[in-house]
Amino acid sequence: MRKNSRKKNQIRQISLSKNICGNAYGSVLFATGNTKVMCAASVERSVPFHAENKGIGWLSADYTLLPYSTPQRKDKEFLKRDSRSVEIKRLIGRSLRGVIDLSKMQNYSITVDCDVIQADGGTRTAAITGGYIALNLAINRMLEEKLIAENPLIEKVAAVSVGYVNDELLVDLDFSEDSSASVDMNIVMNSSYDLIEIQGTAEKHSYSLDQLNEMVTIAKPAIEELFKWQDGVVD
C-alpha cells in the first residue's frame, strides 16, 4: 500500500503559490507531496557569447539542493558543483528550451533557478514542471512590458517519475519508493505528448522494450494532469 492510499497511477498532491519572489519576472513554489521546489525566472538584456549575433535569445537553468532540504544537512556548493546538480540543471535547461522559440526573444536571456527547499523524491521532475510555470509567468510579463512582440512559447512541458517497485509499476515516486525501485525513469513530455527526454536506469535488473513502453504509457495521463495544474496557474 502506498502512502496516503495512493493508486499506482496517481501523482502526489500538488500545491502552488505563484509570484512570491518579487525580484523575479516569474516565480512559483511548486510542491508535489513532500517535495517542494522554488522556481524563479530572471530576465536580462544580454545573451551568452555563443548566442551573440545569431538573432536569438537564450534560456538556461540552475538547480540547487538547499542545505536543509534533506534529512541530513547538505553543504552548500561554492567553488565546485557536484555532478548530480550539474546534470539536473542541464536537463531542466534542455527541457525548457525544447518548448521555446529563441528567435522570438532576441537579445534577452532568461535564467530559471530551481531551489529545492524540501526533497522527498522527484526533485528534478518537479523542477521542470514548476520551472515551466515560472518561465510562462516571466514571458507574460515580458509581453505586458513590450520587451518582446510575440509569445515565444510553443508548447507546455512537464515531467514525472515512474518505476518498478516490488514488481509493481508506480507513478511519481517518493524517496522511499525511488530508493527501493528496481527500475526508475524520469519522463519529460511537451503538450503534444511528444517525448523531450527519457532518463531510465536499471537499478537492480534490466528492463524490456515492453516495460519501457509501459512506463511511457503510464506517464502520459500523469503529465496530462500536471498540464492542467500549469494552466490553472498561468491563465
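This is a predicted model, so every value here is computed, not measured. Note on numbering: residues in each chain are counted from 1, in written sequence order. The predicted origin of the model limits local features to residues at a pLDDT of at least 70 and limits the giving and counting of side-chain atom pairs to 80 or more, whereas totals for whole chains, interfaces and linings rest on all residues. Each side-chain value is derived from all of the structure's non-hydrogen atoms; neither hydrogens nor water enter the calculation.

Caption draft 1: Just the sheet that holds strand β6 (residues 157–165), in detail. Read across the sheet, 4 strands follow the order β7-β6-β8-β9 without closing on themselves; strand pairing throughout is antiparallel. Where the open sheet ends on each side, the last strands, each with one partner, are β7 (168–171) and β9 (195–202). Neighbour to neighbour, the strand axes of the sheet diverge by 15 degrees on average, direction disregarded. Here a strand pair is declared whenever DSSP counts at least two bridges between the two strands. Put simply, DSSP marks the helices as runs of H or I at least four residues long and the strands as runs of E at least two long, and each gets a number from the N terminus on. Across 4 bridges, the pairing between β6 and β7 is antiparallel. Among the inter-strand pairings, glycine 163 is bridged to a residue of β7, identified as leucine 170. Contact definition: two residues touch when any of their heavy atoms are within 4.5 Å. Axes here refer to lines fitted to C-alpha atoms; in helices the fit is confined to the stretch in contact. Angles between the N-to-C directions go from 0 to 180 degrees. Against the sheet, helix α2 (residues 123–144) touches β6, β8 (183–190) and β9, its axis set at about 160 degrees to β6. Sitting on the sheet, helix α4 (residues 209–234) touches β6, β7, β8 and β9, and the angle it makes with β6 is about 140 degrees.

Caption draft 2: Representation of the sheet that holds strand β4 (residues 58–65) within the structure. The 5 strands lie next to each other as β1-β2-β3-β5-β4, forming an open sheet whose pairing is mixed. Whereas interior strands pair on both sides, the edge strands pair on one side only; in this sheet they are β1 (14–18) and β4. On average, adjacent strands in this sheet sit at an angle of 15 degrees to one another, irrespective of strand direction. Pairing geometry for strand β2 (residues 26–32) and strand β3 (residues 35–44), over 7 bridges, is antiparallel.

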